[in-house]
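Structure at a glance
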Amino acid sequence: MDRWAGKVAVVTGASSGIGAGIAKDLAKAGMVVVGLARRVERVEALKADLPQSARSRLHAVKCDVSKEENIQQVFQWVEQKFGGVDVLVNNAGMLRQTDLLEAGNAQMIRDTLDVNVMGLVMCSQIAYQSMKKRSVDGHIVHINSVTGHKVFDIPQSNIYPATKHAVTAITETMRNELRNAGSKIKVTSISPGVVSTEIIPEAMLGAGLPMLEAEDISGAVLYVLGTHPRVQIHELIIKPVGEKF
């Protein structure tokens, strides 16, 4: 991680769970971290968990990644304040409890697509342009899911597995585009199994299932970022011991 010291990382969905863990660990590792979230006060509160020396490196910024204009404004602020983006972690995700064939839930489905797919793509576009303009060999990390590789029988998961399958395809499409452009920018998909976070339905939390913790995924992000410039981790699947999915 030494080469990233003082560099700028943008982490979406940084208010809780995996995103909060990633934001804190990147700040501890010496990066300037811009934590994006709708609940910006919760990102600000993360500073209390950091060593005094790292607190000034975490910056909480309000952002709704389902809104393109909001994304553009935030990344413009990052460019003006810090010069640009070196690392992007697309962590923001949404899972609404409903069935895909249930009537009257079009907005819930659309919201999930906007956050899980369109938000990820729009953030990646702007981050890539920032890296390209400054000739930075940066890194884009997508927090995917095992449901992005196989559809499991999880009640009321609706469009969520489809959005994560999209992330898997988007990752490979971006990799092809970067290679064809002769770019050394890396793109990685990290696909966790069940993680004990707010997005998990209460029924699953109380079922005694083996679960990962947010710190397990944050550790994976540090690992992929810390690889040699010649090394690219395409896909990293992480499951808790004993998971049946």
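The present account deals with the structure reproduced in this document. Every value quoted in this text rests on a predicted model; they were computed, and no experiment measured them.

In this section: the nonpolar core. Across soluble globular proteins, nonpolar side chains have a tendency to be buried as a group. Within the largest apolar cluster, 33 residues are counted, with the highest numbers of intra-cluster contacts made by Leu26, Val89, Ile143 and Ile190. Those elements that provide at least two residues to this core are strand S1 (8-12), helix H1 (17-28), strand S2 (32-37), strand S4 (87-90), strand S5 (139-143) and helix H8 (214-225). Val34, Ala92, Val117 and Val187 belong to the second largest nonpolar core, which has 32 residues in total.

What the seven strands build is an open sheet, ordered S3-S2-S1-S4-S5-S6-S7; its pairing is parallel. Each edge of the sheet is formed by a strand with only one pairing partner; in this case those strands are strand S3 (58-62) and strand S7 (235-238). On average, each strand axis in the sheet is inclined to that of its neighbour by 15°, with strand direction left out of account. Sheet analysis places S1 next to S4, joined by three bridges and oriented parallel. Note on S4: the bridge partner recorded for Val10 is Leu88. On top of the sheet, H1 reaches S1, S2, S3, S4 and S5; it is set at about 170° to S1, its chief contact.

One pass over the full model with this rule turns up seven salt bridges. With a closest N to O distance of 3.6 Å, Asp111 and Arg96 form a salt bridge. On the criterion of sequence distance, the pair formed by Asp111 in helix H5 (residues 106-133) and Arg96 in the loop between S4 and H5 is long-range, its members being 15 residues apart. The exposure class assigned to Arg96 is partly exposed, which follows from its relative accessible area of 29%.

The phi dihedral of Ser135 falls on the positive side, at around 55°, and the residue is not glycine. Structurally, Ser135 is set in the loop between H5 and S5.

Conventions and cut-offs
- Residues numbered from 1 in each chain as written.
- Predicted model: local features only at pLDDT ≥ 70, side-chain atom pairs only at ≥ 80, totals over all residues.
- Heavy atoms only, no water.
- Core = buried A, V, L, I, M, F, W, Y, C linked by side-chain atoms within 4.5 Å.
- Buried < 20%, exposed > 50% of the residue type's maximum accessible area, 1.4 Å probe, protein only.
- Helix = DSSP H or I, 4+ residues; strand = E, 2+ residues; numbered from the N terminus.
- Pairing = 2+ DSSP bridges.
- Axes fitted to C-alpha atoms, helices over the stretch in contact; angles between N-to-C directions.
- Contact = heavy atoms within 4.5 Å.
- Salt bridge = Lys/Arg side-chain N within 4 Å of Asp/Glu carboxyl O.

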